[in-house]
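# Inside the fold
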Amino acid sequence: MEHLATAQARLRSARRVAVLTGAGISKPSGIPTFRDAAGLWKDFDPEEYATPQAYARNPQKVWEWYAWRYRKVQEAQPNPAHELLVRLEGQVGEGFLLVTQNVDGLHRRAGSRRLVELHGNIAQGRCERCEYRFALPAPEDFVPPPLCPACGFRARPDVVWFGEILPEGAFERAWQAFALAELALVIGTSAEVEPAASLGRLAAESGAYLIEINPEPTLLSRWADCVLRMGAVEGMQALLEG
Ligand code: NAD
Ligand code: ZN
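Residues numbered from 1 in each chain as written. Chains lettered and ligands numbered in written order. Predicted model: local features only at pLDDT ≥ 70, side-chain atom pairs only at ≥ 80, totals over all residues. Heavy atoms only, no water.

### Things to note about the overall build of the protein
Here is the rule: We count a stretch as a helix when DSSP gives it H or I for four or more residues in a row; a strand needs E for two or more, and each element gets its number in order from the N terminus. Computation of the radius of gyration draws on C-alpha atoms alone. For the globule rule, the value is 2.2 Å times the number of residues to the power 0.38. Residue contacts are counted whenever heavy atoms from the two residues lie within 4.5 Å of one another. In short, Shrake-Rupley with a 1.4 Å probe defines the accessible areas, and a residue's cover is counted only from the protein chains shown.
Scanning the protein for helices and strands turns up 10 helices and nine strands. Taken against the 2.2 N^0.38 rule, which gives 18 Å for 242 residues, the C-alpha radius of gyration of the protein at 18 Å falls within 12% of a compact globule. With the principal axes as the frame, the protein shows a C-alpha extent of 55 × 35 × 30 Å. For the protein, restricting intrachain contacts to residue pairs at least 6 apart in sequence, the fraction spanning at least 24 positions comes to 65%. Element-wise, carbon and sulfur atoms account for 51% of the exposed surface of the protein, whose accessible area totals about 11600 Å².

See below:
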């Protein structure tokens, strides 16, 4: 386990740390991933829910699906992997950035602050007319679709759908953090969704020490200096507490 010891030492000394998380980190919180055998898309066709075209065709159907996921996510709790990333942020300080592809908001709820939610947040709406973003009403009071608190127009889920561009500035911030990182940590993502998938490779090519935590091999694995073939919780515990 020389690899693990090296990874731990690198993590302790790095001043610029960039982390990317995907659906796998929230699986121990009971939120299904997209591509796993038991994943969300096995029962739902993404084309019918997570595209601008689907929303234009049937906004109510799409909203009801998002409202259902919003309820599920609010019932879930951050797990020790989310919490250990908060601790890591505290240790590294200013040079830390956590980039997530998840829309579940669990990093924010766990207490992460140097955070970029690349694909938005399922607990928010965004006005279709004035772009105002706002927190959805509590799940038990929420009847979709929500109306914009600023102008009264209909709002859409504040998430990035297939074929849409990422929120302004978010990807640039992520890109910069990974290009400048001394150490990059990629947890629980299949690394199949671009452009986020390139971040780990960017860091490796820019000279960062790259750690991957994922129970399954991914396209990123061959770029990693240290691969922890385990779940997010076990992997973060091994890195920070092992
Ligand atoms: P993905 O479903 O493509 O891949 C999940 C990855 O997690 C797989 O590589 C799998 O091997 C790994 N994994 C499974 N169990 C794990 C565990 N216990 N610990 C660590 N890793 C584990 O997910 P992705 O790469 O994030 O896909 C990208 C898209 O999925 C994004 O657009 C994202 O918005 C969306 N998504 C988000 C959520 C969420 O917010 N929680 C859930 C599903 C999908
Ligand atoms: Zn508005």
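### Overview of the nonpolar core
For clarity, the cut-off: Grouping buried Ala, Val, Leu, Ile, Met, Phe, Trp, Tyr and Cys residues that are joined through side-chain atoms within 4.5 Å yields what is termed a nonpolar core. Accessibility here uses a 1.4 Å probe with only protein chains present; expressed as a share of the type maximum, an area under 20% marks a residue as buried, one over 50% as exposed, and anything in between as partly exposed.
Counting residues in hydrophobic clusters, the biggest one holds 29 residues, and the most contacted among them are Leu85, Leu88, Leu185, Ile187, Ile211, Met236 and Leu239. Elements that contribute at least two residues to this core include exactly helix H1 (2-13), strand S1 (17-21), helix H6 (80-92), strand S2 (96-100), strand S7 (183-187), strand S8 (209-213), strand S9 (226-228) and helix H10 (232-241). Top element by residues in this core is H10. It accounts for six residues. Setting aside residues up to four positions removed in sequence, isoleucine 211 forms contacts with Ala7, Leu183, Ala184, Leu185, Val186, Cys226, Leu228 and Leu239. Judged by nonpolar contacts, the second largest core, of 25 residues, contains Val186, Ala203, Leu210 and Leu220.

### Quick notes on the domain arrangement of the protein
Formally: Start and end positions for the domains come from either an automated domain assignment or a database one. Buried area adds together the accessible area that both of two parts lose upon being put together, with accessible area traced by a 1.4 Å probe.
Parsing the protein into structural domains produces domain 1 (1-31 + 78-119 + 167-242) and domain 2 (32-75 + 121-159). Here domain 1 and domain 2 have C-alpha centroids that lie 26 Å from each other. At the interface, 16 residues of domain 1 touch 13 residues of domain 2. Between domain 1 and domain 2, the buried area comes to about 1100 Å², and carbon and sulfur atoms account for 52% of it.

### Some details on the coordination of the zinc ion (ligand 2)
Heads up, the rule is: Water is absent from the atoms considered, so a metal site may look incomplete; donors are defined as N, O and S atoms within 2.8 Å of the metal, or 3.2 Å for Na, K and Ca. For a four-donor site, all angles between 85 and 135 degrees give tetrahedral; for four or six donors, opposite pairs above 155 degrees with the remaining angles between 65 and 115 give square planar or octahedral; all remaining cases count as irregular.
At this site the zinc ion (ligand 2) is bound by Cys127 (SG), Cys130 (SG), Cys148 (SG) and Cys151 (SG), with donor distances of 2.3 to 2.4 Å. Geometry at the zinc ion (ligand 2) is tetrahedral, judged from its four donor atoms and the angles of 101 to 124° they form at the metal. For the zinc ion (ligand 2), all donor residues lie on one chain, and their spacing in sequence is C-x2-C-x17-C-x2-C. Judged by its relative accessible area of 1%, cysteine 127 falls in the buried class. The exposure class assigned to cysteine 130 is partly exposed, which follows from its relative accessible area of 36%.

### Considering the sheet that holds S1
Counted only if it meets this: Two strands pair under a simple rule: DSSP has to find at least two bridges between them. Axis lines are fitted to C-alpha atoms, over the contacting stretch for helices. Their N-to-C directions set the angle, which ranges from 0 to 180 degrees.
Within the open sheet, the six strands sit side by side as S3-S2-S1-S7-S8-S9. Their pairing is parallel. Strands with a single pairing partner mark the edges of an open sheet, and in this sheet they are strand S3 (115-117) and S9. With strand direction ignored, the average angle separating the axes of adjacent strands in the sheet is 15°. As defined by bridge partners, S8 adjoins S9 across three bridges and the pair is classed as parallel. Across the sheet, glutamate 212 pairs through a bridge with valine 227, a residue of S9. Here H10 sits on the sheet in contact with S7, S8 and S9, set at roughly 140° to S8.

### Details of the pattern of salt bridges
This is how the line gets drawn: The term salt bridge refers to a pairing of a side-chain nitrogen on Lys or Arg with a carboxyl oxygen on Asp or Glu at a separation within 4 Å.
Per the stated rule, a full pass over the model turns up 10 salt bridges. Here aspartate 158 makes a salt bridge to arginine 126, at a shortest N to O gap of 2.9 Å. With aspartate 158 in strand S6 (residues 155-159) and arginine 126 in strand S4 (residues 120-127), the pair connects residues that are 32 residues apart, well separated along the chain. The residues aspartate 158 and arginine 126 share a single accessibility class, namely buried. Note that arginine 156 and glutamate 164 form a salt bridge whose closest N and O atoms lie 2.9 Å from each other. Judged by its relative accessible area of 24%, glutamate 164 falls in the partly exposed class. One continuous salt-bridge network, built from bridges that share partners, spans Arg126, Arg133 and Asp158.

### Details of the packing of H6 against H10
Here is the rule we go by: Each angle is binned into one of four classes, with values under 35 degrees roughly parallel, values over 145 roughly antiparallel, values of 65 to 115 roughly perpendicular, and all other values oblique. Here a crossing is called left-handed whenever its near helix is offset anticlockwise from the far helix by less than a right angle, and right-handed whenever the offset is clockwise.
Here H6 crosses H10 at 30°, and the two axes come no closer than 8 Å. Regarding the angle of H6 to H10, the classification is roughly parallel. For the element pair H6 and H10, the recorded crossing hand is left-handed. Contact residues: Pro80, Ala81, Leu84, Leu85, Arg87 and Leu88 in H6; Ala232, Val233, Met236, Gln237, Leu240 and Glu241 in H10.

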